[in-house]
Amino acid sequence: MWGGRFAEGPSAIMREINASIPFDKALWRQDVAASKAHVAMLGAQGIVSAEDAAMIAAGLDQVAAEYETNGVPENWDLEDIHMTTESRLAELIGPVAGRLHTARSRNDQVATDFRLWVRDAIDQADAGLRALQVALVTRAGEHAASIMPGFTHLQTAQPVTLGHHLMAYYEMAANRPATASMPCRTGISRSIT
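Cut-offs used in this document
- Residues numbered from 1 in each chain as written.
- Predicted model: local features only at pLDDT ≥ 70, side-chain atom pairs only at ≥ 80, totals over all residues.
- Heavy atoms only, no water.
- Salt bridge = Lys/Arg side-chain N within 4 Å of Asp/Glu carboxyl O.
- Helix = DSSP H or I, 4+ residues; strand = E, 2+ residues; numbered from the N terminus.
- Buried < 20%, exposed > 50% of the residue type's maximum accessible area, 1.4 Å probe, protein only.
- pLDDT = per-residue confidence, 0-100.
- Contact = heavy atoms within 4.5 Å.
- Core = buried A, V, L, I, M, F, W, Y, C linked by side-chain atoms within 4.5 Å.
- Pairing = 2+ DSSP bridges.
- Axes fitted to C-alpha atoms, helices over the stretch in contact; angles between N-to-C directions.
- Parallel < 35°, antiparallel > 145°, perpendicular 65-115°, else oblique.
- Left-handed = near helix turned anticlockwise from the far one by under 90°.
- Expected span 1.5 Å × (residues − 1).
- Polar contact = N/O pair within 3.5 Å; in protein donor to acceptor, adjacent residues only side chain to side chain.
- Phe/Tyr/Trp six-rings, centres within 6.5 Å; stacked < 30°, edge-to-face > 60°.

Regarding the pattern of salt bridges
Okay, so step 1: With the rule as written, the count across this model stands at nine salt bridges.
Okay, so step 2: As a salt-bridge pair, Arg-29 and Glu-68 come within 3.1 Å of each other at their nearest N and O atoms. With Arg-29 in helix α3 (residues 28–44) and Glu-68 in helix α4 (residues 50–70), the pair connects residues that are 39 residues apart, well separated along the chain.
Okay, so step 3: Look at Arg-29 and you get partly exposed, because its relative accessible area is 45%.
Okay, so step 4: Across the salt bridge formed by Arg-99 and Asp-52, the nearest N and O atoms sit 3.1 Å from each other.

Written out as structure tokens, the structure is:
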């Protein structure tokens, strides 16, 4: 990357400061997906030929398969996931790989990959919350008649069922409007999002 502008490469300390590959390699799926979407746009707009767009997309599929099988290599000279992916793509398909960077900056890539990663993380958290809610509803149904002491302000209150108590945790885990309903044996129907 630095060869065309400077007589020598960066010093070791600058290499360590600039290299983010140990951290952002976790974004490889999002980086490949964003690159595939970008090259599809470039092809659809006639900015690159349909043949080049198809070659780049196929090359990105191959890079993704390699990452899935072997992990992302950590070459600190390539600094980040974007350069790592583009470098491997160039090894696979040659100079046409350079067209992938048309009409986008490294900052565009960082922002896009991070937003996609956050969206995926939110989807995983939502799925985890939904699984927790399903488990709570299941256990609440199993314990619809299991009596336990209720508590308020850390003091004993009127008796409640364990099922009722568990449903309080269900409600705490509810994080968006209901889209489906799940009945439990308490006779209460609770929405599962």
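Comments concerning the confidence of the model for the protein
Okay, so step 1: For the protein, per-residue confidence averages 86 on the pLDDT scale, and residues scoring 70 or more make up 82% of the total.
Okay, so step 2: The model gives residues 183–189 a pLDDT under 50, and that stretch makes 13 contacts with residues more than four places away or in other chains.

Concerning the nonpolar core
Okay, so step 1: Residues Trp-28, Ile-56 and Leu-89 are the most contacted members of the largest nonpolar core, which totals 20 residues.
Okay, so step 2: With seven residues, α4 is the largest single contributor of residues to this core.
Okay, so step 3: Residue contacts for Ile-56: discarding those within four places in its chain leaves Val-39, Leu-89, Ile-93, Val-96, Arg-99 and Leu-100.
Okay, so step 4: Among the nonpolar cores identified, the runner-up in size contains six residues, and Leu-136, Ala-140, Leu-166 and Met-167 belong to it.

Section: the pairing of strand β2 (residues 155–161)
Okay, so step 1: Of the strand pairs in this sheet, strand β1 (residues 147–152) and β2 are connected by five bridges, and their pairing is antiparallel. Considered in β2, the bridge of Met-148 is made with Val-160.
Okay, so step 2: In this structure, the hairpin formed by β1 and β2 is closed by a connection of two residues, where His-153 is found at a positive phi of approximately 50°.

Some details on the packing of helix α6 (residues 106–142) against helix α7 (residues 162–173)
Okay, so step 1: Where α6 meets α7, the closest approach of the two axes is 8 Å, and the angle between their N-to-C directions is 165°. The angle between the axes of α6 and α7 places the two elements in the roughly antiparallel class. The way α6 lies across α7 gives a crossing that is left-handed. Each of Leu-129, Leu-132, Gln-133, Leu-136, Val-137, Arg-139 and Ala-140 in α6 lies in contact with α7, whose residues at this interface are Gly-163, Leu-166, Met-167, Tyr-169, Tyr-170 and Ala-173.

Topic: helix α5 (residues 81–93)
Okay, so step 1: With 13 residues, α5 ought to run about 18 Å at 1.5 Å a step, and its terminal C-alpha atoms sit 18 Å apart, in line with that.
Okay, so step 2: Of the positions making up α5, those classed as buried are Ile-81, His-82, Met-83, Thr-84, Thr-85, Glu-86, Leu-89 and Ile-93.
Okay, so step 3: Those residues of α5 hidden inside the fold are in contact with α2 (21–24), α3, α4 and α6.
Okay, so step 4: Its side-chain oxygen 3.2 Å from the backbone nitrogen of His-82, Asp-80 forms the N-cap of α5.
Okay, so step 5: Positive phi shows up at Gly-94, right after α5, with a value of about 85°.

What to know about the packing of aromatic side chains
Both the distance between ring centres and the angle between the ring planes are used here to describe each pair of aromatic rings.
Okay, so step 1: With the rule as written, the count across this model stands at two aromatic pairs.
Okay, so step 2: Note on Trp-28 and Tyr-67: the rings are 5.6 Å apart at their centroids and 80° apart in plane angle, and the pair reads as edge-to-face. One end of the pair, Trp-28, is in helix α3; the other, Tyr-67, is in helix α4, and 39 residues separate them in sequence. In terms of burial, Trp-28 and Tyr-67 fall into one category: buried.
Okay, so step 3: A ring pair is formed by Phe-114 and Trp-117, whose centres lie 6.2 Å apart and whose planes are at 15°; its orientation type is stacked. Here the residue Phe-114 and the residue Trp-117 both occupy positions in helix α6, the gap between them amounting to three residues, near one helical turn.
Okay, so step 4: You can call Phe-114 partly exposed: its relative accessible area is 47%.

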